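# A structural walkthrough
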Amino acid sequence: MLPGRLQILDERLVVHSNRLSRHRGLRDFMRAVSRLGDGIAWYLLTACLLALFGRAALPAFGHMVLAGVGGVVVYKFLKARTLRPRPFEVVSDVVCTGCPLDRFSFPSGHTLHAVSFSLILASHFPALGPAVFSFALLVAASRPVLGLHYPSDVLAGGGIGAMLAALVLLLPL
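Residues numbered from 1 in each chain as written. Predicted model: local features only at pLDDT ≥ 70, side-chain atom pairs only at ≥ 80, totals over all residues. Heavy atoms only, no water.

### With respect to the nonpolar core
For clarity, the cut-off: Put simply, a nonpolar core is a bunch of buried Ala, Val, Leu, Ile, Met, Phe, Trp, Tyr and Cys residues held in one set by side-chain atoms that sit within 4.5 Å of each other. Note on exposure labels: buried denotes an accessible area under 20% of the residue type's maximum, exposed denotes more than 50%, and partly exposed covers the range between, all computed with a 1.4 Å probe on protein chains only. Working definition: helices are DSSP H or I runs of at least four residues, strands are E runs of at least two. Numbering for both runs from the N terminus. We call two residues in contact whenever any of their non-hydrogen atoms come within 4.5 Å of each other.
If you look at the biggest cluster of nonpolar residues, it comprises 23 residues, and the most contacted ones within it are W42, M64, A67, I120, L121 and F135. Going through the elements one at a time, α2 (24-53), α3 (58-82), α5 (109-124), α6 (129-145) and α7 (151-169) are the ones with two or more residues in this core. Per-element accounting of this core gives the leading share, 5 residues, to α5. With sequence-adjacent residues up to four places away left out, M64 is seen in contact with W42, T46, F117, I120 and L121. Counting 5 residues, the second-largest nonpolar core is a separate cluster that includes V15, V91, V94 and Y150.

### Focus on α3
Quick reminder of the rule: Multiplying 1.5 Å by the residue count of a helix minus one yields the expected span of that helix.
Spanning 25 residues, α3 covers 36 Å between terminal C-alpha atoms, matching the ideal 36 Å at 1.5 Å per step. Three or more residues of α3 are buried, namely A60, G62, H63, M64, A67, G68, G70, G71, Y75 and K79. Contact partners of the buried residues in α3: α2, α5 and α7.

### Remarks on unusual backbone geometry
The omega torsion of the bond from F106 to P107 falls at -10 degrees, within 30 degrees of zero and hence cis. Summarising the element assignment, P107 is placed in the loop between α4 (87-90) and α5.

### With respect to the state of the cysteines
By definition, a disulfide is the covalent link that joins the sulfur atoms of two cysteine residues. Selection criterion: Sulfur atoms of two cysteines make up a disulfide when they are within 2.5 Å.
Tallied over the full model, the rule gives 0 disulfides. C99 provides the cysteine sulfur closest to C96, a residue in no disulfide bond, and the two sulfurs are 7.0 Å apart. We classify C99 as exposed; its relative accessible area is 65%.

### Some points on the layout of surface pockets
Filter applied, for reference: Only protein atoms enter the 1 Å grid used here, on which a cavity is any set of points holding a 1.4 Å probe that cannot leave and a pocket is any open set flanked by protein within 12 Å on both sides along at least five of seven lines; residues with an atom within 4 Å of a point are listed as lining. Grid points are joined across faces, edges and corners, and a volume is the space filled by probe spheres set on the points. Lys, Arg, Asp and Glu make up the charged group, whereas Ala, Val, Leu, Ile, Met, Phe, Trp, Tyr, Cys and Pro make up the nonpolar group; the residues left over, Gly among them, are polar.
Of the voids in this model, the largest pocket is the one considered here, and its volume is about 400 Å³. A total of 7 residues in the lining of the largest pocket trace back to one element, the largest contributor, which is α3. Class assignment of the residues belonging to the lining of the largest pocket gives a composition of 9 nonpolar, 8 polar and 5 charged.

### Points about the side chain of H63
Note the cut-off: A 3.5 Å cut-off defines polar contacts: any pair of N or O atoms within that distance qualifies, except that in protein one atom must be a possible hydrogen donor and the other a possible acceptor, and neighbouring residues in sequence count only when both atoms are side-chain atoms.
Looking at the element boundaries, H63 is found in helix α3. A polar side-chain atom of H63 sits 3.3 Å from the main-chain carbonyl oxygen of V168. One polar contact links the side chain of H63 to the main-chain carbonyl oxygen of L171, over a distance of 2.7 Å. Setting aside residues up to four positions removed in sequence, H63 forms contacts with I120, H124, V168, L169, L171 and L173.

### Considering the pattern of salt bridges
Pairing is possible between side chains that carry opposite charge, provided their charged atoms lie close to one another. Condition: We define a salt bridge as a side-chain nitrogen of Lys or Arg found within 4 Å of a carboxyl oxygen belonging to Asp or Glu.
On inspection of all chains with the given rule, the structure shows 7 salt bridges. A salt bridge links R24 to D28; its shortest N-O distance comes to 3.6 Å. Remark: D28 and R24 occur in helix α2; sequence separation between them is 4 residues, near one turn of the helix. Notably, a salt bridge pairs R84 with D153, separated by 2.7 Å at the nearest N-O pair. Of this pair, R84 sits in the loop between α3 and α4 while D153 sits in helix α7, and the two are 69 residues apart along the sequence.

### Some words on empty space enclosed by the protein
Space left empty within the atom packing is revealed by a probe, the size of a water molecule, rolled over the atoms. With the rule as written, the count across this model stands at 1 cavity of 30 Å³ or more. Taken as a whole, the largest cavity spans an internal volume of roughly 30 Å³. Forming the walls of the largest cavity are T46, L49, A57, A60, F61, M64, L121 and F125. Broken down by secondary-structure element, the contributors of at least two residues to the lining of the largest cavity are α2 and α3. Ranked by residues supplied to the lining of the largest cavity, first place goes to α3 with 3 residues. When the residues that make up the lining of the largest cavity are grouped by side-chain class, the tally is 7 nonpolar, 1 polar and no charged.

Next comes the structure, spelled out in structure tokens:
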């Protein structure tokens, strides 16, 4: 997938990140973050915003739905085309310590959605920015720590998520 030297760097970084999962407390924390990043955190936050702000939260909700659907289409398309195996399947020093939601690695759908949702929420509710961006960063970090993604998968997911959010935010709701 990547040219030789970049692939070697990607493998070294995922091995280094994955070694952090040897620490039980950190591993359990990253598993919890990853699980929340499956969608649970975003669904709960959206429900809270709708309950607190009513109709005023509908544009954010609409943008998140569009980004969510668009994100699934994009990452499933890319995963089906690139067929990149997960690091724990091909790098002997990487141990899977999380639960993959699908078979392939590129791009990180968790990171894609975390970045797009964070940008959308911060655009509509700026006070949420520090919290949602911090959570998105933790979601992104959890993926290589758990051995589920290479750092390049996470960077690509974040970039795609940012572009998707920018496009969706152009739509008036």
